[in-house]
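One letter stands for each residue in the lines below.
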Amino acid sequence: MSSFVTPTPDAILLVTPECPHCPKIMEELSHLVKRGTLGQLHIINLAQHPQAAQQYGSRSVPWFRIGELDFQGAHSNEELRHWAGVANTDDGIRQYLIQTLKDGQLLQVETKIRAQPRWLPLLVSIIDDMEAPMQARIGVGAVFESLSGSDLLLGAIPALSALAHHADHRVRGDACYYLGLTHSRDAITYLTACLQDKNADVQEIAHEALAMLPAH
């Protein structure tokens, strides 16, 4: 996959005077700017600009954004260096999605996917990643259910249809279920083919998924 944006990300940091972890985050992010790992760092003191918390969706500090990846709370220097190094790459965004799903922050992932539809293929790619944590793979399903019937999911149909032919029947079954959640007639052909799958569970899921679609 190709990168979505330029290699060097910028960063935004929200702080308050009382925050015990903010100075450490500020110091390391500033160091990453000096090294050229970050392009620039914009620091906002919420005591002076409280409206920024709502603008960026921050509920606590330190809150920071590297590229398009949002974080809050204390993080080690190693973590900050890692995310700064990969934030603007497909692999980095995918790592972020997996970690955020693993942490149970499903709403954050859903919000990001709605704001960044181009991340959707990276979310789909987690479905057949058997090395991804189970919490992350289950989390993908929860996000898809939240997006059920939205226009956004229409863009996932080509990738899901490919997964409907995956060697692992569990992946095929998941793909069929998610195709049903698209509520699109464009998924009918792929689901109809899965009615003849060699695995009975996949056949059943495909049948149930077809029932989610408009009459055909």
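**Description of unusual backbone geometry**
Right, so step 1: For the bond running from Val61 to Pro62, omega is 0°, close enough to zero to count as cis.
Right, so step 2: Tracing the sequence through the fold places Pro62 in the loop between helix 2 (51–56) and strand 3 (63–66).
Right, so step 3: One non-glycine residue, His183, lies in the positive phi region at around 55°.
Right, so step 4: Structurally, the position occupied by His183 is in the loop between helix 9 (169–181) and helix 10 (188–194).
Right, so step 5: For His183, a relative accessible area of 37% gives the class partly exposed.

**So, the pattern of salt bridges**
Right, so step 1: All told, the structure shown has 10 salt bridges when counted by the stated rule.
Right, so step 2: Between Asp174 and Arg137 there is a salt bridge, with its nearest N and O atoms 3.9 Å apart. Of this pair, Asp174 sits in helix 9 while Arg137 sits in helix 7 (residues 134–146), and the two are 37 residues apart along the sequence.
Right, so step 3: On the basis of relative accessibility, which here comes to 27%, the residue Asp174 falls in the partly exposed class.
Right, so step 4: Relative accessible area serves as the criterion here: at 13%, Arg137 is assigned to the buried category.
Right, so step 5: With its nearest N and O atoms 2.6 Å apart, the salt bridge here joins Arg170 to Asp168.
Right, so step 6: Residues participating in the shared-partner salt-bridge network are Glu28, Glu78 and Arg81.

**Notes on the state of the cysteines**
Right, so step 1: Counted under the stated rule, the structure contains one disulfide.
Right, so step 2: A sulfur-sulfur distance of 2.3 Å marks the disulfide that ties Cys19 to Cys22. The sign of the 95° torsion about the S-S bond sets the Cys19-Cys22 disulfide as right-handed.
Right, so step 3: For Cys19, a relative accessible area of 8% gives the class buried.
Right, so step 4: In this structure Cys194 is not part of a disulfide, and its nearest cysteine sulfur, from Cys176, lies 3.4 Å away.

**Considerations on helix 5 (residues 106–115)**
An α-helical segment advances 3.6 residues per turn. Residues three or four places apart therefore align on the same side.
Right, so step 1: All of the buried residues in helix 5 are Val109, Glu110, Lys112 and Ile113. Projected down its long axis, helix 5 shows its buried positions confined to an angular sector of 165°, all on one face. Exposed residues lying more than 90 degrees from the buried face of helix 5 are Leu107 and Ala115.

**Concerning the packing of aromatic side chains**
Each aromatic ring pair is specified by the distance between its two centres and by the angle formed by the two planes.
Right, so step 1: Counted according to the given criterion, the structure contains eight aromatic pairs.
Right, so step 2: Between Tyr177 and Tyr178, the aromatic rings sit 5.7 Å apart at their centres with planes inclined by 50°, giving tilted as the arrangement.
Right, so step 3: By relative accessible area, Tyr177 is classed as partly exposed at 27%.
Right, so step 4: One aromatic cluster in this structure is built from Phe64, Phe71, Trp83, Tyr96 and Trp119.

**Here's the deal with the environment of Ala156**
Right, so step 1: Mapped onto the secondary structure, Ala156 falls in the loop between helix 7 and helix 8 (157–163).
Right, so step 2: Taking the C-alpha atoms as reference, Ala156 lies 21 Å from Met134; in sequence the two are 22 residues apart.
Right, so step 3: Residue contacts for Ala156: discarding those within four places in its chain leaves Leu120, Val124 and Phe144.

Definitions and limits used
Residues numbered from 1 in each chain as written. Predicted model: local features only at pLDDT ≥ 70, side-chain atom pairs only at ≥ 80, totals over all residues. Heavy atoms only, no water. Helix = DSSP H or I, 4+ residues; strand = E, 2+ residues; numbered from the N terminus. Buried < 20%, exposed > 50% of the residue type's maximum accessible area, 1.4 Å probe, protein only. Salt bridge = Lys/Arg side-chain N within 4 Å of Asp/Glu carboxyl O. Disulfide = S-S within 2.5 Å. Arc of directions from axis to C-beta. Phe/Tyr/Trp six-rings, centres within 6.5 Å; stacked < 30°, edge-to-face > 60°. Contact = heavy atoms within 4.5 Å.

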